[in-house]
Amino acid sequence: MTVYRGYVGTYTKGDSKGIYTFTLDTEKKSLSGVELAAEVENPTYVNLSKDQHTLYATAKKGELGGVAAYSIQKDQPQLQLKNIQLSEGSSPCYVAASEDHTHVIAGYYHRGTVEALPVIEGELQAASSTAQHTGNGPDPDRQEKAHVHFTDFTPDGKFIVAVDLGIDQIKTYKLENHQLVEEHTLAVKPGSGPRHIAFHPNGKYAYVMTELSNEVIVLDYNQEDGSFSIKQYIKAIPEDFTENSQGSAIHLSSDGRFVYAGNRGHDSIAIFSVDPATGELQLVEFVSTEGSWPRDFELDPSKQFIVASNQESHNLVLYERNPETGLLTLISADTEVPYPVCVKFLAK
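Reading the values: rules and limits
- Residues numbered from 1 in each chain as written.
- Predicted model: local features only at pLDDT ≥ 70, side-chain atom pairs only at ≥ 80, totals over all residues.
- Heavy atoms only, no water.
- 1 Å grid on protein atoms, 1.4 Å probe; cavity = no way out; pocket = protein on both sides within 12 Å on 5 of 7 lines; lining within 4 Å.
- Points joined across faces, edges and corners; volume = space filled by probe spheres on them.
- Helix = DSSP H or I, 4+ residues; strand = E, 2+ residues; numbered from the N terminus.
- Nonpolar A, V, L, I, M, F, W, Y, C, P; charged D, E, K, R; others polar.
- Salt bridge = Lys/Arg side-chain N within 4 Å of Asp/Glu carboxyl O.
- Buried < 20%, exposed > 50% of the residue type's maximum accessible area, 1.4 Å probe, protein only.
- Pairing = 2+ DSSP bridges.
- Axes fitted to C-alpha atoms, helices over the stretch in contact; angles between N-to-C directions.
- Polar contact = N/O pair within 3.5 Å; in protein donor to acceptor, adjacent residues only side chain to side chain.
- Phe/Tyr/Trp six-rings, centres within 6.5 Å; stacked < 30°, edge-to-face > 60°.
- Lys NZ or Arg CZ within 6 Å of the ring centre and 35° of its normal.

Draft legend 1. Spatial organisation of the layout of surface pockets. Of the volumes computed, that of the largest pocket is approximately 1,400 Å³. The wall of the largest pocket is formed by 48 residues, among which Asn47, Lys50, Tyr94, Asp152 and Glu298 lie closest to the centre. Those elements that provide at least two residues to the lining of the largest pocket are β4 (46-48), β8 (94-97), β13 (148-153), β15 (169-176), β17 (194-199), β21 (246-252), β25 (294-299) and β29 (340-345). Broken down by class, the residue content of the lining of the largest pocket amounts to 23 nonpolar, 13 polar and twelve charged. Lining the second largest pocket are 20 residues, with Tyr11, Thr44, Cys93, His149 and Arg295 sitting closest to its centre. In the lining of the second largest pocket, the residues fall into seven nonpolar, seven polar and six charged.

Now the structure itself:
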C-alpha cells in the first residue's frame, strides 16, 4: 500500500483558514484525512522545495503580501512556520524554489512583478531583486496593465520563466549575483492572456495555457539561450462552447505523451496527446471536473491518479489515469475543502 500526502492552497474566505492537507491511498483509490495544516491568509499557491523539506506558500497579512516558508514534518500533517517575508502591496499568485535551495521566485499578478528571494542557511530572505513588467493588452478589463501569473525555473535551472497575462508575453530571466537579468521576451497572440507554462520532459518543448482565449500554445524551447518560439495554437474547449470559460492549470504526464489542461466555466480537463516528433498536440477528450471553477489539478507521484480542485464547489476530485491512452476515469468527487486553488503532493 502506498499513501501520499497532498497539500491544498486556498482562498481564506468562508470556512477556509489556510493550507489544508489530505492523503491519497493508491491501493484503496481514495482521498481522506482532510485537515488544516497551517493557518495563514490567502495561501492561494503552494510549492515544495526539491528536497521536500520545505513548503513555500503565497501569503497575505493586512495590507502586506509575500511568501511564507514552512517545515514539512515527516509523517505529521501540520506544517511548522519557519519564517515569512512580506512587503507593502498584494500577495503573489505563484511561488517556486530553485533546485539548489538558494532562491525562491514569486510572481505578483496585481503588482505585475517578478521577485527573487534568496534562501540563506535554510531561511527565506527579503527580495534581492524585483523585475517590473509594463504595458497592456487589448482586453480592457483583464489587460489594463501587466499581470504576472507564473514564475518558475526552467527544468535545467539555467533560467527563470515569467508568464504575463496582462501584456501577452513570456519573459526569460537569468539570476546573476541575486539579481534578475532579462534575457528574452516572446509575444504571443494579442488578447490570449497566457497564464501557466509546463515543460516537456525532453526539455525541448513547452506548453502555455491561456486564460482569456482558452488555448494551449505549443512552444519550442532553446535550452542554450532560454528563448521560445511558437509552433501551434490549439483550443482547450469545444469550438461551439460560447459561455464564459477561462483557462487554468496545465500539466504533462512524466513520459511526455499527454498534456492536461484545465478549463473554468466549461469545468473540464482537456486531454491532449503529444506528437513525439514535433511536440504538437491533438485533442483526445474532455473530462468533467464534477464541480465548479477548477483552479488546478495535479498528477500524484505514481502518475496513476489526478486530483483536481474546484474552487467554487469546494471539492477535490480523484481520477484514475490510463497511462496508455491518457484517459481519466472518475473515482470520487466528494472530498470537501473550502475554496481550494492549488494541489501539490509530497513524493515520498
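Having seen it, we continue.
Draft legend 2. Layout of the pattern of salt bridges. Within the structure shown, the criterion is met by ten salt bridges. Note that Lys231 is salt-bridged to Asp220, the shortest N-O span being 3.3 Å. With Lys231 in strand β20 (residues 228-235) and Asp220 in strand β19 (residues 215-221), the pair connects residues that are eleven residues apart, well separated along the chain. Residue classification places Lys231 among the partly exposed positions, given a relative accessible area of 28%. Taking relative accessible area as the criterion, Asp220 reaches 26% and is therefore assigned partly exposed.

Draft legend 3. Expanded view of the sheet that holds strand β28 (residues 328-336). Strand order across the open sheet formed by four strands is β25-β26-β27-β28, with antiparallel pairing between neighbours. In this open sheet, the two edge strands, each paired with only one partner strand, are β25 and β28. For this sheet the average axis-to-axis angle between neighbouring strands, irrespective of direction, equals 20°. In terms of strand pairing, strand β26 (residues 305-310) meets strand β27 (residues 315-321) through six bridges, oriented antiparallel. Each residue of the ladder has a partner; that of Phe305, found in β27, is Glu320.

Draft legend 4. Representation of the pairing of strand β6 (residues 64-72) in the model. Buried residues dominate β6, accounting for seven of its nine residues. Across eight bridges, the pairing between strand β5 (residues 54-61) and β6 is antiparallel. Pairing of Leu55 across the sheet is with Tyr70, part of β6. The loop that links β5 with its antiparallel partner β6 comprises two residues; one of these, Gly62, has a positive phi angle of about 65°.

Draft legend 5. Summary view of the side chain of Ser268. Among the secondary structure elements, Ser268 is positioned in strand β23 (residues 268-274). A distance of 2.6 Å separates the side chain of Ser268 from the side chain of His266, its partner in a polar contact.

Draft legend 6. Inspection of unusual backbone geometry at higher detail. Its identity as a non-glycine residue notwithstanding, Asn177 has a phi of 55°, on the positive side. Take Asn177: it is sitting in the loop between β15 and β16 (179-187). Among the residues examined, Asn177 registers a relative accessible area of 73% and is labelled exposed. In this model, His178 sits at a positive phi of 70°, which is unusual for a non-glycine residue. Mapping His178 onto the fold places it in the loop between β15 and β16.

Draft legend 7. Representation of the packing of aromatic side chains. For the structure shown, the criterion picks out six aromatic pairs. Each ring, one from Phe199 and one from Phe228, has its centre 6.1 Å from the other, and the planes form 45°; the classification is tilted. Note that Phe199 is positioned in strand β17 and Phe228 in strand β20, a separation of 29 residues in sequence. By relative accessible area, Phe199 is classed as buried at 17%. When its relative accessible area of 10% is taken as the criterion, Phe228 is described as buried. We note Lys13 situated over the ring of Tyr11; from NZ or CZ to the ring centre the distance is 5.4 Å. Directly above the ring of Tyr233 sits Lys189, whose terminal nitrogen or CZ lies 4.4 Å from the centroid.

From the geometry alone we can't say anything about function, so treat these as descriptive.
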